[in-house]
Amino acid sequence: KSGKFKNKLGAMGTRAQGLGCNVKNFAPLRTVSIRLSGKFFCVPSQHKVMHTAAHHRHKWVQNAMQPFESSGWSRPRPQLSNSMGSKATLYSLSTRHYSFATAQYNSAFGDLPTHDSVGLRTATLAYLDAFDKQLWFDDPMVTVVGGRPYHSGKLGDTTDAAGVVNGRQVTADDATFCTILKSIQAQTDAARETVTAEKLLDYRRKMRNIEQKLLHPMLACQLVGNQAMDFLKQDGFTEIEESVEANHVERKFNDMLLEDEAGGMVSVQREPVFVACVSNFSNFLDLFRKTLRHLEVGVPCVVLSRSSTSQHCYRWFQLLSNLMQQHDMPSELLTFASCSVEQQRLLFTSFPASPVHFTGSRQVARLIKEVAPRTLASTAGPNTMVITEMTPQVAEAVRVSACIENSGQCTALRHVVTADLAPSAWKQVFTSRPDKDWKHHLQQGECAGLLEALEPLCSKDGEAAEGYLRIDEGLPVRVRHSNDLPLSIDEHWRQVVLDVTSLTGQRLQSEQGLSDVAEWLNLHQPISLSVNGSEELGLKLWEKTGVVVFTSGTLESPAMSCQARPQDGECFGEVPPRAELTQLTRFPMLVPSATASYNACYQNAFLRLSCDLPLPPQLSYLVPIMHTMAKNEARGFCTLVLHYLFDACQGPWEGRGARTCLYGLQRPPLHLHSLFRITASATEAEVWPYILPFLATSAREQLMLSIAPDAPARASLEKWLGASGVGAGRVPLFVEDHSAFEARRTGKFQVVALPVPPSEGGALLLQPDGNLEYPLAAQFVSTLMVLGHAKSVKPNDLAFLRSFRESNKWLRIQASPV
């Protein structure tokens, strides 16, 4: 379509008040006015750059983020008309790309608030000294609905991480469980009601005041102390530090999300969220990320009890519930369900529109996803370290990585790949004896001590059968040596257990050896990969894998497996193997992000409006493909996905912390393909959203299609991906039956059959009206591409920046059709 383009440069000087920051001095915002078929659009072509003022120490600004305004300019908002007839209608469209790896996402980092770590440690130790252990027996865990506790049910014991009874719990009986069901049903019925902007602003103000109080040492000491007593956590202080700093970043994302909702672009789904608490990081992940961040955008939360180490989760719930009553927050927004596993599964099946936020094992995630299609799971993986030589510094890095929280951290080391290291060398790595007093570690700031209370978990039963042997009779540390990579590997939670794969130095450095290690990593998908050796070795392994957390170290300054500060841009996620992704989670979960955005979707009117938005000029060759989709919503969604990619592929971005870090969207492992099966029912609207992100980027050469002979989308795919189409015929297309497809899937990074049935909880789900629900672009792309960071332990490591920044692993826009 022809159009008239007029560039307008407007400078905006404004001041916006937000929690914990002053925002001012916006860079000039360039807009492009576009006239298409009588409709006008105003789209940003240069991102706003925010400069945040320095914070006063220990000062929290309590005002919620206000809409950006100035006397001479106001940010364009979509005005979605009720009339879609022949009259020319004025639209103002502005796309907020605050999702992962965009310029606006990157602008949220920096100028982190400080916290009183010394005061918190002092207050925590005092709290523990004065704590009455009888309290958790006299005030047992119970179901709480609408602020009212329900004591009817079965009374039983609760246990800490060592299996020692530490309190009581009342598991809901049928009458109490029915009360839970009725409450959630009422919230579900109300989920589609409009929540006014004034009410949401009020929620944010109140919840951020509550957040301020929870993170003050007076209450934060209870969070740390309760967790220490229940989970036997040695260092809960770092978790509070991460909460203070990462919350600061994620609040900004929530503000942007709500502004988009007020502008008519997205809908935040407000069906109640189930929060399945994790044991080791519940204060940050569950209390702040999953619960408080949802409550402040008006999403009800149902916190679920655990089968063990549940007391500290219930106690933060009590603190939060009491504060909500004091601040006049609706009590019905927060529920604690003291339920059995069977009752929890009944909740999931009864409310399929409610997401389940879960952090834990892959086995449990799979069971949850079977009954809850909107499961959002972060799952553990066998964290791996590759070392070329065991120096004293590397030995200490191995010890801390393997023993952190007595192997009770998601990033604890589980697998070591090394060159020619004798089994006897491991006795020099682990020398510290278990400590009787876990409180001693809390006082000294130790995070990787062995705890005598957990030693019984290191049972001798089955050790010989599994091949694990203690390195010393007095140490609860087991190692299994092999010259081959392990076929299977269990987590052994709270037990220091290592698999050691010994390769010859020549094999480890060879292309075949690297490919073998990379294949194992892609199959088992650890959370983190750390390489202590040459930078070249680390770069090659990183390019061949899809890990979210990668750390490069040297023999003198080694990397650990347990290093990531998401608040600095060291973006963190516990992503399942790609082959199992849809069986375990709807989307990969990433920190930091707007938690409620994972259950948000584009409004259909906005999608229909977006289908007329021009593509970036570099991607104009995709316009003919876009018009093969008959549904405007599908075409609008693809347009938004391509605009997101155009923004997000500017990276990689540099982190803001002490370590040298690059983060951004990445291609699948460079030597692997992503295979899509186009089934006999697949239409253009169901296929192109998955294919276009590959065609538009440097991942195009990794796309492979297997097409059923009678697929409705076959003719369109063959036309637009043929010799005269995008890729000039280099995208492999195979028209074949199902058996040939099954034979082809071996060795692929991911295999996806299209369409993904909505019942399987894929990226595209059905709405109650029968229409497809289109998720936000970044969440959708995360199911196709790799996301995460790569870092060096050294500050300002220019050599690392030079070699890693230039890598073809980073996802980039493909500006040419061939």
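We now turn to the structure provided with this report. Since the structure is predicted, the reported quantities are computational estimates derived from the model, not experimental observations.

Focus: the environment of Trp520
Right, on to step 1. Positionally, Trp520 belongs in helix 16 (residues 511–524).
Right, on to step 2. For the pair Trp520 and Leu485, spaced 35 residues apart in the sequence, the C-alpha separation amounts to 7.3 Å.
Right, on to step 3. If we skip the residues at most four places from it in the chain, Trp520 touches Pro382, Thr384, His415, Leu485, Pro486 and Ile489.

A short note on helix 9 (residues 311–326)
Right, on to step 1. Between the first and last C-alpha of helix 9 there are 23 Å, a value that for 16 residues agrees with the 22 Å anticipated at 1.5 Å per step.
Right, on to step 2. Across the 16 residues of helix 9, 12 count as buried, placing the element largely inside the fold.
Right, on to step 3. Buried within helix 9 we find Gln311, His312, Cys313, Tyr314, Arg315, Trp316, Phe317, Leu319, Leu320, Ser321, Leu323 and Met324.
Right, on to step 4. In the stretch just after helix 9, Asp328 is the one whose phi turns positive, near 60 degrees.

So, the nonpolar core
Right, on to step 1. Membership of the largest hydrophobic core comes to 149 residues, with the highest contact counts inside it found for Leu320, Leu622, Phe676, Ile678 and Leu695.
Right, on to step 2. For this core, the leading source of residues is helix 21 (residues 632–648), giving 9 residues.
Right, on to step 3. With 26 residues, the next largest nonpolar core counts Leu514, Val517, Val547 and Phe550 among its residues.

A few points about the packing of helix 2 (residues 117–130) against helix 6 (residues 217–231)
Right, on to step 1. Where helix 2 meets helix 6, the closest approach of the two axes is 8 Å, and the angle between their N-to-C directions is 60 degrees. Looking at the two axes, helix 2 sits oblique to helix 6. Read as a crossing pair, helix 2 and helix 6 show a hand that is right-handed. Where helix 2 abuts helix 6, its residues Gly119, Leu120, Ala123, Thr124, Tyr127 and Leu128 lie against Pro217, Ala220, Cys221, Gln222, Val224, Gly225, Asn226 and Met229.
Right, on to step 2. Classifying every residue of the contact of helix 2 with helix 6 by side-chain character gives 9 nonpolar, 5 polar and no charged.

Topic: the packing of aromatic side chains
Right, on to step 1. Throughout the structure, instances matching the rule amount to 25 aromatic pairs.
Right, on to step 2. With a centroid separation of 5.2 Å and 75 degrees between ring planes, the pair formed by Phe637 and Phe780 is classed as edge-to-face. Of this pair, Phe637 sits in helix 21 while Phe780 sits in helix 25 (residues 777–782), and the two are 143 residues apart along the sequence. Each member of the pair Phe637 and Phe780 is classed as buried.
Right, on to step 3. Grouped by ring-pair contacts, the aromatic residues Tyr602, Phe606, Phe637, Phe676, Tyr690, Phe694, Tyr774 and Phe780 constitute a single cluster.
Right, on to step 4. In this arrangement the basic side chain of Arg494 is found over the ring face of Phe231, its NZ or CZ atom lying 4.0 Å from the centre.
Right, on to step 5. A cation sits over an aromatic face here: Lys809 above Trp542, 5.1 Å from the ring centre.

Considerations on the sheet that holds strand 28 (residues 703–707)
Right, on to step 1. Taken in spatial order, the 4 strands make up an open sheet running 29-28-27-30, and their pairing is parallel. Each edge of the open sheet is held by one strand with a lone partner, namely strand 29 (733–735) and strand 30 (750–754). For this sheet the average axis-to-axis angle between neighbouring strands, irrespective of direction, equals 20 degrees.
Right, on to step 2. As defined by bridge partners, strand 28 adjoins strand 29 across 3 bridges and the pair is classed as parallel. Bridge pairing in strand 29 places Ser706 opposite Phe734.

Quick look at the pairing of strand 17 (residues 383–387)
Right, on to step 1. Buried residues dominate strand 17, accounting for 5 of its 5 residues.
Right, on to step 2. By the alternation rule, side chains of strand 17 split into Asn383, Met385 and Ile387 and Thr384 and Val386, which are all buried.
Right, on to step 3. Sheet analysis places strand 17 next to strand 18 (residues 413–419), joined by 5 bridges and oriented parallel. Directly across from Ile387, in strand 18, lies its bridge partner Thr418.
Right, on to step 4. Taking the sense of rotation as the criterion, the β-α-β connection linking strand 17, helix 12 (residues 392–403) and strand 18 turns out right-handed.
Right, on to step 5. Pairing of strand 17 with strand 22 (residues 528–532), which is carried by 4 bridges, proceeds in the parallel orientation. Each bridged residue has a counterpart across the sheet, and for Val386 the counterpart in strand 22 is Val531.

Section: unusual backbone geometry
Apart from glycine, the bulk of residues carry a negative phi angle, and the bulk of peptide bonds sit in the trans form.
Right, on to step 1. Cis geometry marks the peptide bond from Gly651 to Pro652, where omega comes out at 10 degrees.
Right, on to step 2. Among the structural elements, Pro652 can be located in the loop between helix 21 and strand 25 (653–654).
Right, on to step 3. Residue Leu754 is joined to Pro755 through a cis peptide bond whose omega torsion reads 0 degrees.
Right, on to step 4. One non-glycine residue with positive phi stands out, namely Ser407, at about 55 degrees.
Right, on to step 5. Non-glycine residue Asn796 carries a positive phi angle of around 50 degrees.
Right, on to step 6. Here Asn796 shows up in the loop between strand 33 (786–792) and helix 26 (798–805).
Right, on to step 7. A relative accessible area of 60% places Asn796 in the exposed class.

Some points on the environment of Tyr690
Right, on to step 1. Counting through the fold element by element, Tyr690 comes out in helix 22 (residues 684–695).
Right, on to step 2. Residue classification places Tyr690 among the buried residues on the basis of a relative accessible area of 6%.
Right, on to step 3. Separated by 65 residues in the primary sequence, Tyr690 and Pro755 have C-alpha atoms spaced 9.7 Å apart.

Regarding the state of the cysteines
Right, on to step 1. Under the counting rule described, the total for this entry stands at 0 disulfides.
Right, on to step 2. Of the cysteine sulfurs around Cys277, a residue in no disulfide, the closest is that of Cys313, at 4.2 Å.

What counts, and at which threshold
Residues numbered from 1 in each chain as written. Predicted model: local features only at pLDDT ≥ 70, side-chain atom pairs only at ≥ 80, totals over all residues. Heavy atoms only, no water. Helix = DSSP H or I, 4+ residues; strand = E, 2+ residues; numbered from the N terminus. Contact = heavy atoms within 4.5 Å. Expected span 1.5 Å × (residues − 1). Buried < 20%, exposed > 50% of the residue type's maximum accessible area, 1.4 Å probe, protein only. Core = buried A, V, L, I, M, F, W, Y, C linked by side-chain atoms within 4.5 Å. Axes fitted to C-alpha atoms, helices over the stretch in contact; angles between N-to-C directions. Parallel < 35°, antiparallel > 145°, perpendicular 65-115°, else oblique. Left-handed = near helix turned anticlockwise from the far one by under 90°. Nonpolar A, V, L, I, M, F, W, Y, C, P; charged D, E, K, R; others polar. Phe/Tyr/Trp six-rings, centres within 6.5 Å; stacked < 30°, edge-to-face > 60°. Lys NZ or Arg CZ within 6 Å of the ring centre and 35° of its normal. Pairing = 2+ DSSP bridges. Right-handed = clockwise from strand over helix to strand, strands pointing away. Disulfide = S-S within 2.5 Å.

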